[in-house]
Amino acid sequence: MIPDETIEKVLNEIDPDELIKLTAELVRINSVWDPAAGTSEQLAAEKVAQWAHTQEFEILQEEVAPGRPNVVITWPAGSGDRKLMFEGHTDVVTPGDVSEWSYDPFGAEIVGRRMYGRGANDTKGNLAAMLVAMKALKKSGVKLAGTIVEGVLCDEEDQMLGVRDFIDRGHADAITAAVICEPQDGLICISQKGALRARYTVSGRMSHGAMPLAGLNCAPAMARLIDGLHKLELEAVTKMGHDRYLGWPSFTPTVIQAPMAGTPQLNVMPGRAQVLVDIRTIPTQSHSQIKNNLKTLANEIEKQVCSDYERYDRKLDLKRTHDLKIEVEFLTDRPCTMTDRDDPIVQAADWATRNITGKEPIYAGVPGATDGTYLWALKRIPIVTMGGGDRQVPHQVNEWIDLDQLIETAKIYAITALHYLYPRTDT
Ligand SMILES: [Zn+2]
């Protein structure tokens, strides 16, 4: 049991004004990765490094790509094997059409108890909260056993270069648990959907639209592929059912394109076409099994379409080569993540959320991928994704964060770490 006065000591050191000020300063830095416009994560990373320097934390600034640094902040709180990571990204997505915004996307304007701006919700508010939480723990002087590492990483929104670099340099090696600071509206997310993305390329033969028999049309194969993918989804939904945290698995053809390149023209029958499919998985599905099914689908449809063409050509007494090909390549393969409810980091998050909100914590899953996906997939680090901010708001216009929820988040982060790193009697 952690004494109430210890908890109070930590919470008293959370400074709401500092949290709001730091969030605003970060939001005012345009950190969209846009080489043409000359913006990147650089200035946001520098701002964080400068702040951490003032608090006398150990700082490493590492260039992941030109203009795209990671900042790794370490605080050895006390001797112990546990090493808790907090992760927050510095990049934000584009504001899109600025004329659609009612607020300056980089103004950090406060109206009532909301701060508006790109990244206020995803995830600069939560990034500031994790920083302020670590400072509060340090200032409180409470005895802890272990180390806190804060990974302030670049490129979460695109290729996740930041977290991959962090892992490549060995920073993740001794980490025993991680809190991924993302807008989850106070929910404790212990699982994330997996992603498997593939491209089907259908190669037929191009011809004049008035002389289709001089070529080999890709369209029948495309229709069958879309239908086949739907059947695979139906099978997954029927067999695997609904995950309590993640919902249904899905097989979504997102790009259906013929011709595959060049300008489409009504009187030209394309020689090549493609279907891109975005598959999101739940923990009971096997990615290697799905890959096999996707390859089988390509082979079967190729055979069916070729034999349909043979039958048709016999009827017309036509000599044509039936060399239609369907190929499948895999573009992304990210597994599901699943942290046990009994894991010490989940227990800590549960206790902290209960303590601060006075409510029963709600568990959920993350529908997309985060930097946590790599920590779990490559290093098997148990992860919890949590933070303030409405879950629908990221990447929208007029992005906002509720300031009271943000303050609550900093408190939850601080005492999650307190619980996780509290000296245990068995050690
Ligand atoms: Zn994010």
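From a predicted model like this one, the values you see are computed outputs, not experimental measurements.

Chemist: In this structure, what is going on with the overall build of the protein? I would like to understand it.
Modeler: On a plain count of helices and strands, the protein comes out with ten helices and 18 strands. Its C-alpha atoms give the protein principal-axis dimensions of about 90 × 50 × 40 Å.

Chemist: Explain the sheet that holds strand β18 (residues 400–402) here, please?
Modeler: Working definition: the strands of a sheet are paired by backbone hydrogen bonds and lie parallel or antiparallel to each other. With respect to topology, three strands assemble into an open sheet ordered β4-β5-β18, the strand pairing being antiparallel. Here the strands that pair on one side only, and so sit at the sheet edges, are β4 (109–111) and β18. Here the strands of the sheet are splayed against their neighbours by 25° on average, with no regard to which way each runs. Here β4 pairs with strand β5 (residues 114–116) via three bridges, running antiparallel. Looking across to β5, one finds that Ile110 is bridged to Met115. Those strands touched by helix α4 (residues 120–140) are β5 and β18, and its axis lies near 50° from that of β18.

Chemist: Looking at this model, I keep getting lost on the nonpolar core. Mind explaining?
Modeler: One recurring pattern in soluble globular proteins is that nonpolar side chains are buried together. Residues Ala133, Leu137 and Ala414 are the most contacted members of the largest nonpolar core, which totals 89 residues. Looking at this core element by element, the count peaks at twelve residues for helix α10 (residues 403–421). Core analysis: the next-biggest nonpolar cluster, separate from the first, contains 25 residues, Leu196, Val277, Ile279 and Ile326 among them.

Chemist: Help me out: how do you make sense of the pairing of strand β8 (residues 188–192) in this one?
Modeler: Across a regular strand the side chains alternate sides, sitting on one face of the sheet and then on the other. With five of five residues buried, β8 lies mostly within the body of the structure. Taken together, the four bridges between β8 and strand β16 (residues 363–366) define a ladder with parallel strand orientation. In the strand pairing of β16, Ile188 is matched with Tyr363. Bridging between β8 and strand β15 (residues 337–338) involves two bridges; their strand directions are antiparallel. Within β15, the residue paired with Ser191 across the bridge is Met338.

Chemist: I keep staring at unusual backbone geometry and nothing clicks. Help me out?
Modeler: Among all residues save glycine, negative phi is the norm, and among peptide bonds the norm is trans. The step from Asp122 to Thr123 runs through a cis peptide bond, and the omega angle for that step is -5°. Along the chain, the position of Thr123 falls in helix α4. The linkage connecting Ala258 with the following residue, Pro259, adopts the cis geometry, with an omega of -5°. By secondary structure assignment, the location of Pro259 is in the loop between β11 (250–257) and β12 (268–269). A positive phi angle, near 60°, is found at Met160, a position not held by glycine. Mapped onto the fold, Met160 is located in the loop between β6 (146–153) and α5 (161–168).

Chemist: Would you mind showing me how to read α4 here?
Modeler: The α-helix winds at 3.6 residues per turn, so residues separated by three or four positions along the chain end up facing the same way. Burial within α4 is extensive, with 19 of its 21 residues counted as buried. Directly beyond the C-terminal end of α4, a positive phi value near 75° is found at Gly141.

Chemist: Just to check I follow, could you spell out the domain arrangement of the protein for this structure?
Modeler: The extent of an interface is frequently quoted as the accessible surface area lost upon association of the parts. According to the domain assignment, the protein contains domain 1 (4–192 + 336–421) and domain 2 (194–334). Computed over C-alpha atoms, the centres of domain 1 and domain 2 are 40 Å apart. Facing the ten residues of domain 1 at the interface are nine residues of domain 2. Elements that contribute at least two residues to the side of domain 1 that touches domain 2 include exactly β8, β16 and α9 (371–379). The element contributing the most residues to the side of domain 1 that touches domain 2 is β16, with three residues. Split into classes, the residues belonging to the side of domain 1 that touches domain 2 amount to seven nonpolar, three polar and no charged.

Definitions and limits used
- Every chain is numbered independently, its residues counted from 1 as its sequence is written.
- Note on the predicted model: pLDDT of at least 70 is required for a residue's local features to be given, and 80 or more for side-chain atom pairs to be given and counted; whole-chain, interface and lining totals, by contrast, use all residues.
- Only DSSP runs of H or I reaching four residues or more are called helices, and only runs of E reaching two or more are called strands; each is numbered from the N terminus.
- DSSP-based pairing: two strands are paired if at least 2 bridges between them are found.
- Here an axis means a line fitted to C-alpha atoms, over the contact stretch when the element is a helix, while the angle between two N-to-C directions is reported on a 0 to 180 degree scale.
- The contact criterion used is a C-beta to C-beta distance within 7 Å, with each C-beta placed from the backbone.
- Each nonpolar core reported here comprises buried Ala, Val, Leu, Ile, Met, Phe, Trp, Tyr and Cys residues connected via C-beta atoms within 7 Å.
- Exposure classification rests on a simple neighbour count of other C-beta atoms within 10 Å of a residue's own: a residue reaching 20 or more is buried, one at 12 or fewer is exposed, and one in between is partly exposed. C-beta atoms are placed from the backbone.
- Segmentation into domains, and thus their bounds, comes from an automatic or database assignment.
- Under the convention adopted here, Pro, Cys and the residues Ala, Val, Leu, Ile, Met, Phe, Trp and Tyr are nonpolar, Asp, Glu, Lys and Arg are charged, and Gly plus all remaining residues are polar.

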